[in-house]
Amino acid sequence: MSRVAVFPGSFDPMTNAHLDVARRAASLFDQLVVGVLNNPRKSPLFSVEERIAQITAAVAEFGGNVEVAGFDGLTVDFARSHEAGFIVRGLRAVSDFEAELQMAHTNRKLRPEVDTVFLMSALDYGYLSSSLAKEVAQFGGEIDGMVPPSVADALRLRFAASK
Ligand code: PNS
């Protein structure tokens, strides 16, 4: 039986912390589907299509078992549409735990047959967030170690255009 997992998130944009979790999840599962949430309540820097393109470029080196797709609505419905039995999430620090626990319990209540699997973020990226990477990029700071090259290029372009 093939083990399929979804890795949902806003990914606005994907950071190296996310990419590290995706890389490790791709080696744990037969198939990994990175799900980019289209959240109408947030006003993202990048459109879902732009985020999908950035992530697709970043995961290209992983060996072919990673798919990237956008989704609306519930993560458990996204998991169902891909016949996934697992939801992958990264944990950077204890401060992430409470919200992640709440989400995992909510998802389990909605669909008990889908389990959430947590991977600890690499120590090097424990401080990193999408918001932080955006802020550094906005003010011209060095972002190469924080985000994949596809994202670094897109951030530079976006903030150069708004100057
Ligand atoms: O990258 P983020 O913003 O921390 O990701 C949060 C995400 C997308 C995983 C979460 O907001 C989510 O699952 N949203 C979809 C709506 C949903 O399923 N809600 C119920 C479970 S919390």
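Description of the structure in this document. (Residues numbered from 1 in each chain as written. Predicted model: local features only at pLDDT ≥ 70, side-chain atom pairs only at ≥ 80, totals over all residues. Heavy atoms only, no water.)

### Some thoughts on the packing of aromatic side chains
- Inspection of the entire model under this criterion finds 3 aromatic pairs.
- A centroid spacing of 5.2 Å and a plane angle of 80 degrees characterise the contact between Phe7 and Phe11, whose relative ring orientation is edge-to-face.
- Owing to a relative accessible area of 2%, Phe7 belongs among the buried residues under this scheme.
- On the basis of relative accessibility, which here comes to 2%, the residue Phe11 falls in the buried class.
- Judged by centre distance (4.5 Å) and plane angle (20 degrees), the rings of Phe71 and Phe78 are stacked.
- According to the relative accessible area criterion, Phe78 is buried, its value standing at 5%. (Phe/Tyr/Trp six-rings, centres within 6.5 Å; stacked < 30°, edge-to-face > 60°. Buried < 20%, exposed > 50% of the residue type's maximum accessible area, 1.4 Å probe, protein only.)

### Description of helix H1 (residues 16-28)
- Helix length check: H1, at 13 residues, gives a terminal C-alpha distance of 18 Å against a target of 18 Å (1.5 Å per residue), a fit within 8%.
- Along H1, the residues classified as buried are Asn16, Ala17, Leu19, Asp20, Val21, Ala22, Ala25 and Ala26.
- On its buried face, H1 is in contact with strand S1 (4-9), strand S2 (31-37), helix H2 (48-59), strand S3 (66-71), strand S4 (86-91) and strand S5 (115-120).
- Where H1 begins, the capping side chain belongs to Thr15, and its oxygen is found 3.1 Å from the backbone nitrogen of Ala17. (Helix = DSSP H or I, 4+ residues; strand = E, 2+ residues; numbered from the N terminus. Expected span 1.5 Å × (residues − 1). Contact = heavy atoms within 4.5 Å. Polar contact = N/O pair within 3.5 Å; in protein donor to acceptor, adjacent residues only side chain to side chain.)

### What about the pairing of S3?
- Inspection of the sheet shows S2 paired to S3 by 6 bridges, in the parallel sense. The residue of S3 that forms the bridge with Gly35 is Ala69.
- Between the parallel pair S2 and S3, the chain is carried across by H2, and the sense of this crossover is right-handed. (Pairing = 2+ DSSP bridges. Right-handed = clockwise from strand over helix to strand, strands pointing away.)

### Section: the pairing of S5
- Of the strand pairs in this sheet, S4 and S5 are connected by 6 bridges, and their pairing is parallel. Bridging from a neighbouring strand, Arg89 pairs with Phe118 of S5.

### Observations concerning the layout of surface pockets
- Reported here for the largest pocket is a volume of approximately 1,100 Å³.
- Residue lining of the largest pocket: 44 residues in total, with Gly9, Ser10, Lys42, Arg89 and Met103 positioned closest to the centre.
- Of all the secondary structure elements, the ones that give two or more residues to the lining of the largest pocket are S1, H1, helix H3 (75-81), S4, helix H4 (94-110), S5 and helix H5 (130-138).
- Per element, the largest residue contribution to the lining of the largest pocket is 9 residues, and it comes from H4.
- Looking at the lining of the largest pocket, its residues break down into 18 nonpolar, 17 polar and 9 charged. (1 Å grid on protein atoms, 1.4 Å probe; cavity = no way out; pocket = protein on both sides within 12 Å on 5 of 7 lines; lining within 4 Å. Points joined across faces, edges and corners; volume = space filled by probe spheres on them. Nonpolar A, V, L, I, M, F, W, Y, C, P; charged D, E, K, R; others polar.)

### Observations regarding the side chain of Ser121
- With respect to the helices and strands, Ser121 occurs in the loop between S5 and H5.
- Contact partners of Ser121, with chain neighbours within four places excluded, come to Asp20, Val21, Arg24, Leu91 and Arg92.

### Remarks on a nonpolar patch on the surface
- Side chains of Val94, Phe97 and Leu101 sit close together on the surface and give an oily, nonpolar patch of about 300 Å² of accessible area.
- Relative to the assigned elements, Val94 resides in helix H4.
- By relative accessible area, Val94 is classed as exposed at 75%. (Patch = residues over 30% accessible without salt bridge, like charges linked within 9 Å, V, L, I, M, F, W, Y side chains within 5 Å. Areas by Shrake-Rupley, 256 points an atom, 1.4 Å probe, with all protein chains shown as cover. Salt bridge = Lys/Arg side-chain N within 4 Å of Asp/Glu carboxyl O.)

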